[in-house]
Amino acid sequence: QRTDAPAPEAATGLMGLALPDPAGNEQRMDQWKGKVLVVNFWATWCGPCLAELPVLNKLITDVNNDAVVFVNVCLDHDIIKWEQIITKDKLLGMNLICDGDWSKSLDSLYKIASIPHYTLIDKNGLIIKNNFVRPGNITTEISQLLGKK
């Protein structure tokens, strides 16, 4: 059994999740049902997370497909620092931040032992790959999910 495999309810739990964006508007994950999701779990205090942001931005620019949504879920509560990083690093994709106890439940559901932690979800809401190593290494899987060779 894979140790990085999420709990069976993980995809359902994620699709029911509603988190605030930088404007303070709640964004429900299920609004992207029918699209491929690349979810980046990260934190403002995480050096490796911050170092990956340029690679993630490049992936988002390279994929450039409306059928794929990149969602960056910040697992800490420092809203000011989160907004500063989004602006300074020009972080592309949908940026959301955990508030309340979401961070703990997401850690448990997705077996997040360290961050950055990336999860790939198909158009049907099924987790295809949990905790893949780097955003630049997922392009083949994204292309396959989009029906491209």
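Small disclaimer: the values here were computed from a predicted structure and weren't measured.

**Observations regarding the nonpolar core**
With 41 residues, the main nonpolar core has Met-29, Leu-37, Val-68, Phe-70, Val-71, Val-73 and Ile-142 as its most contacted residues. Contributing elements (two or more residues each) for this core: β3 (36–42), α2 (47–63), β4 (68–74), α3 (79–88), β5 (94–97) and β6 (117–121). Not counting residues within four places of it along the chain, the set of residues in contact with Ile-142 comprises Val-38, Val-63, Val-68, Phe-70 and Leu-120.

**Side note on α2**
For α2, built from 17 residues, the straight-helix expectation of 24 Å at 1.5 Å per residue is met to within 8% by its first-to-last C-alpha distance of 25 Å. The sharpest bend along α2 reaches about 35 degrees and sits at Leu-53, with the proline Pro-54 one to four residues further on. If you check which residues of α2 are buried, you get Cys-49, Glu-52, Leu-53, Leu-56, Asn-57, Leu-59, Ile-60 and Val-63. Just downstream of α2 lies Asn-64, where phi reads positive at about 40 degrees.

**Re the pattern of salt bridges**
Within the structure shown, the criterion is met by three salt bridges. Linking Asp-30 and Arg-28 is a salt bridge whose minimum nitrogen-to-oxygen distance equals 2.9 Å. With relative accessibility at 32%, the residue Asp-30 sits in the partly exposed group. Residue classification places Arg-28 among the partly exposed residues on the basis of a relative accessible area of 38%. Lys-88 is paired through a salt bridge with Asp-89; the nearest N and O atoms lie 3.4 Å apart. The exposure class of Asp-89 is partly exposed, given its relative accessible area of 25%.

**Observations concerning the pairing of β5**
Sheet analysis places β4 next to β5, joined by four bridges and oriented parallel. From the neighbouring strand, Asn-72 faces β5, where its bridge partner is Asn-95. Of the crossover connections in this fold, the one passing from β4 over α3 to the parallel β5 is right-handed.

**Let's talk about the sheet that holds β6**
Spatially, the five strands line up as an open sheet ordered β5-β4-β3-β6-β7, and their pairing is mixed. Looking at strand neighbours, the two that pair on one side only are β5 and β7 (127–132), the edges of this open sheet. Each adjacent strand pair in this sheet contributes to an overall mean axis angle of 20 degrees, direction not counted. α2 rests against β3, β4 and β6 of the sheet, and its axis sits at about 165 degrees to β4. α3 contacts β3, β4 and β5 of the sheet and is inclined by roughly 165 degrees relative to β5.

**Examining the confidence of the model for the protein chain**
Per-residue confidence for the protein chain gives a mean pLDDT of 81, with 79% of residues at or over 70. Per-element averaging of pLDDT across the protein chain places helix α1 (residues 10–15) at the bottom with 58 and α3 at the top with 96.

**Side note on the pairing of β4**
Across the seven residues of β4, seven count as buried, placing the element largely inside the fold. In β4, alternate side chains face the same way, and those of Val-68, Phe-70, Asn-72 and Cys-74 on one face and Val-69, Val-71 and Val-73 on the other are all buried. When β3 meets β4, the two strands line up parallel, connected through seven bridges. Within the sheet, the bridge partner assigned to Asn-40 lies in β4 and is Asn-72. With α2 bridging β3 and its parallel neighbour β4, the resulting β-α-β unit is right-handed.

So, how was this worked out
Residues numbered from 1 in each chain as written. Predicted model: local features only at pLDDT ≥ 70, side-chain atom pairs only at ≥ 80, totals over all residues. Heavy atoms only, no water. Core = buried A, V, L, I, M, F, W, Y, C linked by side-chain atoms within 4.5 Å. Buried < 20%, exposed > 50% of the residue type's maximum accessible area, 1.4 Å probe, protein only. Helix = DSSP H or I, 4+ residues; strand = E, 2+ residues; numbered from the N terminus. Contact = heavy atoms within 4.5 Å. Expected span 1.5 Å × (residues − 1). Bend = angle between axes of the 7 residues up to and from the residue. Salt bridge = Lys/Arg side-chain N within 4 Å of Asp/Glu carboxyl O. Pairing = 2+ DSSP bridges. Right-handed = clockwise from strand over helix to strand, strands pointing away. Axes fitted to C-alpha atoms, helices over the stretch in contact; angles between N-to-C directions. pLDDT = per-residue confidence, 0-100.

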